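Chain by chain, the residues run as shown.
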Amino acid sequence: MKERWTQTLRRLVHRMRFTWMYLGSPPWDTGMTPPELQSFLEEHSPGRALDLGCGTGTNLVRLAQAGWQVTGVDFVSKAVKRAQEKLHRLGLEGEVICGDVLDLRPLHPPYDLVLDIGCYHGLDQASREVYRRNLFFLLARTGTFLLYAHLKSEPDARIGISEEDIQRLKEYFSLLHRQDSFDRFGRAATWMTWSLPPEGKP
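What comes next is a walk through the structure. Keep in mind that what you see is a predicted model, and the values were worked out from it rather than measured. (Residues numbered from 1 in each chain as written. Predicted model: local features only at pLDDT ≥ 70, side-chain atom pairs only at ≥ 80, totals over all residues. Heavy atoms only, no water.)

Another point: the nonpolar core. L50, V114, F145, F173 and W194 are the most contacted members of the largest nonpolar core, which totals 28 residues. At the level of secondary structure, the elements contributing two or more residues to this core comprise β1 (48-52), β4 (111-117), α5 (125-138), β5 (139-150), α6 (163-169) and β7 (188-195). Those residues in contact with L50 that lie beyond four places of it in its chain are T71, V73, L107, Y111, L113, V114, L115 and L138. Judged by nonpolar contacts, the second largest core, of 21 residues, contains A49, L87, L146 and W191. (Core = buried A, V, L, I, M, F, W, Y, C linked by side-chain atoms within 4.5 Å. Buried < 20%, exposed > 50% of the residue type's maximum accessible area, 1.4 Å probe, protein only. Helix = DSSP H or I, 4+ residues; strand = E, 2+ residues; numbered from the N terminus. Contact = heavy atoms within 4.5 Å.)

Written as structure tokens, this is what we have:
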């Protein structure tokens, strides 16, 4: 019981921190679509895309401009409102949901692309397991999961993913490509491209 309350408190603090940061300009909200997503768009025909942790909608806009049908989810209402305003201002269509990325109910899978830039790596371990199971049902049979995450600087770091996390993803998905690098603040990070395994559900 104590562990459950501790976990709930940590989630609440995490959400409050993100909500507070969106009162200004969060450091991760660069307003630029990363080249990894740009390359993906150049190599794939438009389809249905889901951005988990979409923030203020920078990548929703880019996807919609490329002809994709877009849906974004974020728990920060101010970020969601900004994303909706961006799409409307540019005359683009898209759905932006204020909610939990672990809640499947507002979504209408399957999606040809599921994009996650910095969402999964901030979840606690219990939420990550739910996320992985959900993702299997969200992704179209021939769909792609693009994941950007920080790599853990130390084993007990809250933010970031470890090699163990990556192995757990491999229980559900096939890793097509991985590129490790450093972000603009010097933190170790990785881009990974995943698909459903050819043999189907594990």
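This paragraph deals with the packing of aromatic side chains. Per the stated rule, a full pass over the model turns up eight aromatic pairs. Taken together, a centroid distance of 5.9 Å and an interplanar angle of 45 degrees make the contact between F40 and W68 tilted. Here the residue F40 occupies a position in helix α2 (residues 35-43), and W68 occupies one in the loop between α3 (58-65) and β2 (69-74), the gap between them amounting to 28 residues. Residues F40 and W68 agree in their burial class; the two are buried. With 5.6 Å between their ring centres and 85 degrees between their planes, F136 and F137 make a pair best called edge-to-face. Among the aromatic residues, those joined into a cluster by ring pairs are Y120, Y131, F136, F137, F145, Y172 and F173. When the ring centre of Y120 is taken as reference, the NZ or CZ atom of R128 above it lies at 5.3 Å. (Phe/Tyr/Trp six-rings, centres within 6.5 Å; stacked < 30°, edge-to-face > 60°. Lys NZ or Arg CZ within 6 Å of the ring centre and 35° of its normal.)

Turning to the side chain of D124, a few remarks are in order. Tracing the chain through its elements places D124 in the loop between β4 and α5. Of the polar contacts made by the side chain of D124, one reaches the backbone nitrogen of A126; its length is 3.3 Å. (Polar contact = N/O pair within 3.5 Å; in protein donor to acceptor, adjacent residues only side chain to side chain.)

Here we come to the pattern of salt bridges. Applying the stated criterion to the full structure yields eight salt bridges. We note a salt bridge from R105 to D103, for which the minimum N-O separation is 2.9 Å. Looking at R105, the relative accessible area reads 74%, which means it is exposed. The network of salt bridges with common partners includes E129, R132 and R133. (Salt bridge = Lys/Arg side-chain N within 4 Å of Asp/Glu carboxyl O.)

Here we take up the environment of S127. You can see S127 is positioned in helix α5. On the accessibility criterion, S127 (7% relative accessible area) is buried. Taking the C-alpha atoms as reference points, S127 and L102, 25 residues apart in sequence, are found 7.4 Å from one another.

Listing the buried residues of α2 in full gives L37, F40 and L41. In an axial view of α2, the angular spread of the buried residues amounts to 100 degrees, which keeps them on one side of the axis. Opposite the packed face of α2, turned more than 90 degrees from it, sit the exposed residues P35, E42 and E43. (Arc of directions from axis to C-beta.)

So, about the pairing of strand β6 (residues 174-182). As paired strands, β6 and β7 are joined by eight bridges and run antiparallel to one another. When the bridges of β7 are listed, L175 appears paired with W194. Adjacent in sequence and paired antiparallel, β6 and β7 are bridged by five residues, among which G186 carries a positive phi angle near 85 degrees. (Pairing = 2+ DSSP bridges.)

Just distances and angles here, no functional claims.
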